[in-house]
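# Coordinate inspection notes
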Amino acid sequence: MPSRLAGISEKILTSYEAVGGLNHTDRHNLPSKRAVDSLCEQLLQVLFPGFHDEHPIHKNELAETTRIRLEALAERLGAQIARSIRLNDPKATDENAAEVLLRFLDQIPAIRELLRTDIQAAFEGDPAATSDEEIILSYPCLEAIAVQRSAHLLYKEGIKLLPRMMTEWAHSRTGIDIHPGAKIGPYFFIDHGTGVVIGETCVIGSHVKLYHGVTLGARSFAKDDRGQIVKGGQRHPAVGDFVTIYPNSTILGGETLIGNGSTIGANVFLMHSVPVGSLVVYEEKQLRILEKSKPATELEWSI
Amino acid sequence: MPSRLAGISEKILTSYEAVGGLNHTDRHNLPSKRAVDSLCEQLLQVLFPGFHDEHPIHKNELAETTRIRLEALAERLGAQIARSIRLNDPKATDENAAEVLLRFLDQIPAIRELLRTDIQAAFEGDPAATSDEEIILSYPCLEAIAVQRSAHLLYKEGIKLLPRMMTEWAHSRTGIDIHPGAKIGPYFFIDHGTGVVIGETCVIGSHVKLYHGVTLGARSFAKDDRGQIVKGGQRHPAVGDFVTIYPNSTILGGETLIGNGSTIGANVFLMHSVPVGSLVVYEEKQLRILEKSKPATELEWSI
Amino acid sequence: MPSRLAGISEKILTSYEAVGGLNHTDRHNLPSKRAVDSLCEQLLQVLFPGFHDEHPIHKNELAETTRIRLEALAERLGAQIARSIRLNDPKATDENAAEVLLRFLDQIPAIRELLRTDIQAAFEGDPAATSDEEIILSYPCLEAIAVQRSAHLLYKEGIKLLPRMMTEWAHSRTGIDIHPGAKIGPYFFIDHGTGVVIGETCVIGSHVKLYHGVTLGARSFAKDDRGQIVKGGQRHPAVGDFVTIYPNSTILGGETLIGNGSTIGANVFLMHSVPVGSLVVYEEKQLRILEKSKPATELEWSI
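The text that follows walks through the structure, step by step, so that each part is easy to find. (Residues numbered from 1 in each chain as written. Chains lettered and ligands numbered in written order. Predicted model: local features only at pLDDT ≥ 70, side-chain atom pairs only at ≥ 80, totals over all residues. Heavy atoms only, no water.)

### Describing the pairing of strand E14 (residues 278–282) of chain B
Residues in a regular strand project their side chains so that they alternate between the two faces of the sheet. Residue and element names in this part refer to chain B. The element E14 is largely enclosed, with a buried count of 5 among its 5 residues. Of the two faces of E14, the one lined by Ser278, Val280 and Tyr282 and the one lined by Leu279 and Val281 are each fully buried. With 2 bridges joining them, strand E12 (residues 263–264) and E14 adopt parallel strand pairing. Counted as the bridge partner of isoleucine 264 is valine 280 from E14. (Buried < 20%, exposed > 50% of the residue type's maximum accessible area, 1.4 Å probe, protein only. Helix = DSSP H or I, 4+ residues; strand = E, 2+ residues; numbered from the N terminus. Pairing = 2+ DSSP bridges.)

This is the structure in structure tokens:
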């Protein structure tokens, strides 16, 4: 190795000692990003057989294919669950991880039933949707909610880190950021999706439709005596049944309730509750429509 | 296979029967996501030779390379077109798909001429752009519009599903969501791009510049007698020539026309038409700028 | 090759001649997108050893692994730096690129120190963050800022194109778009991230927290005598220390200064400076909350 490069390598090693960020204390305690990428793809194959495959699956191959895929998913997912558990508890045994794994896989049929309602919500909620196949094959919301509903079960088991890595994988692909802690009812549809943020302690009812850019987020953060942000607590809004929220609206706060059947217009900023059956919009009259040919000293800018 | 896993596998198979989502009735009728991923990459290589390649292409290799690539693209694209057609019409022959394919490939020069104008629009519209190479190699809007202009031709041929899968592929990579049905004029530029949504029935003129987060979307949806959303119809705005729309503005409605030469400011929510040469902004005076040191009981929150 | 396809191939070759976009004049002067994809992954492995790997790294393997990775990164990055330089100056020698490369690699420890502060900012700024591992493994902002801080050093060396390709790579994965020219202080945190845009000439202080959808962008663009946009110049805002900007706010302009310690609320559109310690929000009272059961002719839409 050229000597200058060797010198730089030494400085980097010194930096590793000084600045941290290295997993050398424990052989197997960090979930792997690449493994999460693979297991999410495998999970989607098991949830939607035939839709994420290169080649079609014949009916008479289905049982065998499913067994093979389930085994592969179980192996990879089990390993990452084990790592997540040991990250917090280095003395944890593999049995604990195995139990969590089996409980999770046992709920795959239940996840699929929820996804069935989500597909229906997408078809009914989007005039551009022409078929269920179109939704499963190309709608980003379905990928995002499939991963989140799955990660949510692991979150409820108390698994740290892995559920978040799964939803961030979906976030990277879809632009939809739903924390694994969020509780989401059936018939959930996000149209377009890019920019949606749903926080850890959100509770969302049934038949809720969101557009892109909608934030269900936290308000200012309580601090403890040392000035540190308090972790945990109910920080995010609750959204009732049959609510629609149009693009780019921001709704914040752990005490904010959006009543059943409400509609929130686009680009709304809301930090308090609204009753059942509300329609929340901005006053139209403060939009100024000016003719550019007229001199207007009050214009903010000219193009 | 461990017995508990075998039991879970059986339950999943039961779920497949009960909940659907399996392509077992027809061997070849579902377009493949992986194939669409590959054909979009191949298409970009053919549209922008030398820019999506690992190694440079020599002038004297160009003819041969182009023939090889065109054959590979034709094979893959033709297969996916055929699947899309048969999904709706299981009796369709391969000849129909072959004709659609050849008509599409025949328009690649025309697509490239439009993309030439889009590159020019990007260079002129962005002070940060220093070269055409920078635009082709790194600007997400170019990838998105290249895929959309291509998918649009297939959409006009009446192909279902495949065009949408292509634009959703671009959406995943760029955060730009343009439905293949949208009609977009030349010299089209989207700066930054993340969060842009352009709906199926949008009509956009020439020399239009959009910033990130801009939505050209549909208003509320008409419902038929059974309460179902009516599919189709003119639902999205029309944007004239030489229009600029700043970040995060939301413009909705099938009867909304943005007149030629207009400018829409940032974060505007607009659901009606504006005449030629308009400048649409919000009143500045409702922005409150408060000093945080002053007690303000009316403050919405404190940090 | 079928004759119709051969005819199309000929037309495409003609288009290549007529419409441009082909790198045939110089063998090695275009940076490769695929190479940039690889070198960004390698860079993240060197910056965060153990976090982007399939298998854990043992402490006694660390020195050897680091040397191997550094060599591989140096080779690939050096080649792309050389291409970027030669794109602007075909007579440039490899020595110039080698010098730039070594100066860059020499600063990896310094980049890591900054990233250490960014991780701390994320942990302190997000109640949902439970560990540093969670932040490094799954927070998109860390990937984006790691790439940007690196690309920024190359930008300051005067390298064109490659820095932009690196930040656009990160943009594609995270939805966060930060130009390599932006100067960003320590303890920088972007929560969620999707839709953030930070312009080329932005200056950002220390302890700044942004939420998703925040734009620090340019205002209208000055034009020269020929009507062409003037490139360069201070076009983007300056943000002081300890500033927090909530989701989807748009702040524009090269003369716009956000004073230290200020907070900008969500969905704000701001084009002028605010003093130290400001809180900038919209008037609440123009939000209309209507009961949907009441007839309201002034309603913009009904659902």
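### Focus on the side chain of C:Glu143
By secondary structure assignment, the location of C:Glu143 is in helix H7 (residues 140–156). Sequence-distant contacts of C:Glu143, defined by excluding residues within four places in its chain, comprise A:Lys33, C:Leu44, C:His52, C:Trp169, C:Arg173 and C:Thr174. (Contact = heavy atoms within 4.5 Å.)

### Here we look at the sheet that holds strand E8 (residues 238–239) of chain B
Residues and elements named next belong to chain B. Spatial ordering of the open sheet is given by E2-E5-E8-E11, a layout of 4 strands whose pairing is parallel. Where the open sheet ends on each side, the last strands, each with one partner, are strand E2 (183–184) and strand E11 (257–258). Here strand E5 (residues 203–204) runs beside E8; their pairing, made up of 2 bridges, is parallel. Across the sheet, valine 203 pairs through a bridge with alanine 238, a residue of E8.

### Considering the side chain of B:Ser206
Residue and element names in this part refer to chain B. Inspection of the secondary structure assignment puts serine 206 in the loop between E5 and strand E6 (209–211). For serine 206, a relative accessible area of 16% puts it in the buried group. A polar atom in the side chain of serine 206 sits 3.3 Å from the side chain of histidine 207. In this view, serine 206 contacts Gly185, Pro186, Gly240, Asp241 and Phe242; residues no more than four positions away in its chain are not counted. (Polar contact = N/O pair within 3.5 Å; in protein donor to acceptor, adjacent residues only side chain to side chain.)

### Concerning the packing of helix H4 (residues 94–106) of chain C against helix H5 (residues 108–125) of chain C
All names here are of chain C. Remark: H4 packs on H5, axes separated minimally by 5 Å, with the N-to-C direction vectors making an angle of 40°. Compared by their axis directions, H4 and H5 come out oblique. Residues Phe104, Leu105 and Asp106 of H4 form the contact with H5, whose participating residues are Ile108, Pro109 and Ile111. Across the contact of H4 with H5, the residue classes break down as 5 nonpolar, no polar and 1 charged. (Axes fitted to C-alpha atoms, helices over the stretch in contact; angles between N-to-C directions. Parallel < 35°, antiparallel > 145°, perpendicular 65-115°, else oblique. Nonpolar A, V, L, I, M, F, W, Y, C, P; charged D, E, K, R; others polar.)

### Looking at the pattern of salt bridges
Summed over the entire model, instances satisfying the criterion amount to 39 salt bridges over all chains. Of the charged contacts in the structure, one is a salt bridge between A:Asp132 and A:Arg116, with a shortest N-O distance of 2.8 Å. One end of the pair, A:Asp132, is in helix H6 (residues 132–138); the other, A:Arg116, is in helix H5 (residues 108–125), with 16 residues separating them in the sequence. By relative accessible area, A:Arg116 is classed as partly exposed at 28%. Among the ionic pairs, C:Arg149 bridges to C:Asp118, the shortest N-O distance being 2.8 Å. With C:Arg149 in helix H7 and C:Asp118 in helix H5, this residue pair connects regions lying 31 residues apart in the sequence. Overall, the relative accessible area of 6% leaves C:Arg149 in the buried class. Each of A:Lys33, C:Glu41, C:Glu143 and C:Arg173 takes part in salt bridges that share partners, so that together they form one network. (Salt bridge = Lys/Arg side-chain N within 4 Å of Asp/Glu carboxyl O.)

### Observations concerning the sheet that holds strand E2 (residues 183–184) of chain C
Residues and elements named next belong to chain C. The parallel open sheet is built from 4 strands, whose spatial order is E2-E5-E8-E11. On the outer flanks of this sheet lie E2 and strand E11 (257–258), each paired with one strand and no other. Across 2 bridges, the pairing between E2 and strand E5 (residues 203–204) is parallel. Bridge pairing in E5 places lysine 183 opposite valine 203.

### A short note on the environment of A:Val197
As for its position among the elements, A:Val197 is in strand E4 (residues 197–198). Looking at A:Val197, the relative accessible area reads 2%, which means it is buried. Taking the C-alpha atoms as reference, A:Val197 lies 24 Å from A:Glu113; in sequence the two are 84 residues apart. In this structure A:Val197 touches A:Asp177, A:Val214, A:Thr215, A:Leu216, C:His192 and C:His212, once residues within four positions along its chain are discounted.

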